[in-house]
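# A look at the structure
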Amino acid sequence: MDFKIKNSCLNIDWNYVSQTLRKVGMANFAAEIHQKAFENSHTVVFVFDKEKLIGFGRAISDGVYQAALYDIAVLPEYQGKGIGRMIVTNIVKSLPICNFILYAAPGKEKFYERLNFRKMNTGMALFQKASDMKEKGFTV
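A few points on the structure. All figures in this text were calculated on a predicted structure; none of them were measured in a lab.

## Details of the packing of aromatic side chains
On inspection of all chains with the given rule, the structure shows 11 aromatic pairs. Their ring planes at 45° and their centres at 6.4 Å tell us that Phe-46 and Phe-56 sit as a pair that is tilted. Here Phe-46 is found in strand β2 (residues 43–49), whereas its partner Phe-56 is found in strand β3 (residues 52–61), with 10 residues between them in sequence. Exposure class is identical for Phe-46 and Phe-56. Each is buried. Pairing Phe-111 with Tyr-112 gives two aromatic rings, centres 4.8 Å apart and planes at 80°, and the pair type is edge-to-face. Classification of Phe-111 by relative accessible area gives partly exposed; the value is 23%. Among the aromatic residues, those joined into a cluster by ring pairs are Trp-14, Phe-38, Phe-46 and Phe-56. The ring of Phe-38 carries the charged tip of Arg-58 above its face, separated from the ring centre by 5.6 Å.

This is the structure:
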């Protein structure tokens, strides 16, 4: 397979991004919200198989010492082929002096551990829908 990486938001089908996130059990926002989030991010990565968007992710960052990964998603039929690793590696390389944080979807922690991410003892979150996030397994 010949995968192509794109690091810009130009000509992205935001409805497809929204559908993909829902398909993999992640965010549930309108296409315009995802577009704004990606466009306001420090780094974006979109991976294509020929012309088909198969995965993406983004980082918000000060560009100096802190960054956070968000919306790392790969179509189910492409999972296990190194696409997620490609996305995360591309983002991390774009911010070489930064520390990274993220919250992984429950069950995906091992993927990030293989990329040298480690669980934090002091990680905290304030979610708008705290009960939903507890029910989904993000908080205790």
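Still more ground to cover, so stick around.
## Focus: the pattern of salt bridges
Under the criterion given, the structure shown has 3 salt bridges. Its salt-bridge partner being Asp-71, residue Arg-58 comes within 2.7 Å of it at the nearest N-O pair. On the criterion of sequence distance, the pair formed by Arg-58 in strand β3 and Asp-71 in strand β4 (residues 66–74) is long-range, its members being 13 residues apart. Like Asp-71, Arg-58 is buried. Note that Glu-113 is salt-bridged to Lys-110, the shortest N-O span being 3.4 Å. Residue Glu-113 and its partner Lys-110 are both found in helix α4 (residues 109–113); the two are separated by 3 residues, about one turn of the helix.

Cut-offs applied
Residues numbered from 1 in each chain as written. Predicted model: local features only at pLDDT ≥ 70, side-chain atom pairs only at ≥ 80, totals over all residues. Heavy atoms only, no water. Phe/Tyr/Trp six-rings, centres within 6.5 Å; stacked < 30°, edge-to-face > 60°. Helix = DSSP H or I, 4+ residues; strand = E, 2+ residues; numbered from the N terminus. Buried < 20%, exposed > 50% of the residue type's maximum accessible area, 1.4 Å probe, protein only. Lys NZ or Arg CZ within 6 Å of the ring centre and 35° of its normal. Salt bridge = Lys/Arg side-chain N within 4 Å of Asp/Glu carboxyl O.

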